[in-house]
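For reference, the chains in residue letters:
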Amino acid sequence: MPKPDTRPRICDYEGSNYRTEFWEGRGRDYEDQVERLTLRKLLPPRGKRLMEVGAGFGRLTSEYHNYEQVVLVDYSLSQLRYAQEQLGTSDRFVYVAADAYHLPFRAGVFDGATIIRVIHHIADVKAALGEVRRVLAPGGTLILEYANKRHIKAMLRYARKQQTWSPYTLEPVEFVELNFDFHPRYMRQRLNEAGFTLQHSIPVSFFRLDALKQRVDASLLARLDDLLQRTGLHYTPSVFTQSIAAGVSPNQLDTGSLFVSPLTGAELSREGDVLVCQQTGQRWAIRDGIYDFKAPLDE
Ligand SMILES: C[S@@+](CC[C@H](N)C(=O)[O-])C[C@H]1O[C@@H](n2cnc3c(N)ncnc32)[C@H](O)[C@@H]1O
């Protein structure tokens with residue numbers, strides 16, 4: 001009998017037109033601006049090595065200009081290829097195709113990490129946050145954005161009996177396959193459990209209403225959002241958090257080599273455009289400058 005597939009489900013953006021179908025010219029300038037503004041409030045302004053998990057086509061990379069190295073991780077090679085076309089090939093940008101549950105990095109090699117518009121696709125939050133914690137150095141900063149189930153529209157729909165699920169209960173709601181909304185308290189618990197200390201939590205996108213966005217300038221809405229964020233009213237569709245990785249020796253960043261096998265954690269050696277696991281001999285391809293850890297070669 002074949003073994004059951006126990007790997008977590010992944011929301012695959014391979015070949016999708018996320019950039020042109022969701023962002024460019026799609027009436028989301030306000031969301032883009034307010035997310036950048038919030039990210040600037042929370043992300044330490046400079047650092048050594050930052051990882052963005054689910055970086056997509058690299059929309060937010062311009063916000064990381066004071067980091068010496070930026071590692072873009074995404075499950076989709078096509079998203080990474082577009083990012084690489086825009087940002088170029090240099091030592092400063094590293095492109096890694098991998099899934100968030102099996103990061104191919106040595107422990108403690110990052111002092112910063114961001115996860116924005118991604119955790120809503122993650123079925124096993126505990127496992128993914130555990131991986132992110134492992135690769136962050138103690139004292140490192142995680143900026144996590146999540147979709148909030150206790151937002152005002154969901155509360156109104158629930159009150160009018162137009163929605164069956166309760167926005168007040170802790171468990172995540174999967175409203176479409178691999179699209180989850182989370183309760184703020186649930187996310188705080190998962191962060192703590194993974195070894196993070198939550199420092200700040202900011203409600204974001206108070207004005208995500210088409211009628212308003214069509215009439216009011218995006219930068220004005222973003223500035224008003226900035227004011228409302230200070231109320232701390234967590235009834236918005238999106239929440240940004242800043243957490244610090246716990247640990248006994250703060251800021252002991254491992255600046256040595258980056259990669260290990262995502263399956264065994266063993267050292268890798270490079271042979272041309274292939275990385276070879278020193279323990280198992282499994283091999284991973286480097287395709288035109290993108291490290292492809294989605295599956296070993298020959299699998
Ligand atoms: C909605 S996009 C967000 C992209 C970017 N963070 C942004 O805000 O523009 C979600 C991205 O997460 C990636 N993704 C989803 N599940 C993933 C997983 N398990 N591991 C790695 N990447 C994943 C998708 O391929 C996609 O590019």
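Residues numbered from 1 in each chain as written. Predicted model: local features only at pLDDT ≥ 70, side-chain atom pairs only at ≥ 80, totals over all residues. Heavy atoms only, no water.

(A) Examining the site of the ligand more closely. Around the ligand lies a shell of 21 residues, among which Gly54, Arg59, Asp74, Ala100 and Ile116 are the nearest. Contacts to the ligand include alanine 100, whose backbone N or O atom sits 2.9 Å from a nitrogen atom. Isoleucine 116 has a polar backbone atom sitting 2.7 Å from a nitrogen atom of the ligand. Taken by itself the ligand offers 590 Å² of open surface, and the protein chains cover 99% of this. Among the residues forming the shell around the ligand, the class breakdown is 11 nonpolar, five polar and five charged. (Near = heavy atom within 4 Å. Polar contact = N/O pair within 3.5 Å; in protein donor to acceptor, adjacent residues only side chain to side chain. Areas by Shrake-Rupley, 256 points an atom, 1.4 Å probe, with all protein chains shown as cover. Nonpolar A, V, L, I, M, F, W, Y, C, P; charged D, E, K, R; others polar.)

(B) Expanded view of the nonpolar core. In terms of nonpolar packing, the biggest core is built from 48 residues, with Met51, Val96, Phe105, Val132, Leu142 and Phe259 touching the most fellow members. Looking at which element gives the most residues to this core, the answer is helix H4 (residues 125-135), with five residues. If you count residues domain by domain, this core takes at least three from each of domain 1 (18-257) and domain 2 (259-293). Dropping the residues within four chain positions of it, phenylalanine 259 is found in contact with Val94, Val96, Pro104, Phe105, Arg106, Leu268, Leu275, Tyr291 and Phe293. Ranked by size, the runner-up nonpolar core spans 28 residues in total, among them Tyr64, Tyr67, Ile116 and Ala218. (Core = buried A, V, L, I, M, F, W, Y, C linked by side-chain atoms within 4.5 Å. Buried < 20%, exposed > 50% of the residue type's maximum accessible area, 1.4 Å probe, protein only. Helix = DSSP H or I, 4+ residues; strand = E, 2+ residues; numbered from the N terminus. Domains from an automatic or database assignment. Contact = heavy atoms within 4.5 Å.)

(C) Representation of the sheet that holds strand S9 (residues 238-245). Strand order in the open sheet formed by 11 strands is S8-S9-S5-S4-S1-S2-S3-S13-S12-S11-S10, with mixed pairing between adjacent strands. Among the strands making up the open sheet, the edge pair consists of strand S8 (196-204) and strand S10 (268-271). When the angles between neighbouring strand axes are averaged without regard to direction, this sheet yields 20 degrees. Contacts between helix H3 (residues 77-87) and the sheet are confined to strand S2 (67-74), strand S3 (93-97) and strand S13 (290-292), with S3 contributing the most and set at about 170 degrees to the helix. On top of the sheet, helix H6 (residues 184-193) reaches strand S5 (136-147), S8 and S9; it is set at about 155 degrees to S8, its chief contact. (Pairing = 2+ DSSP bridges. Axes fitted to C-alpha atoms, helices over the stretch in contact; angles between N-to-C directions.)

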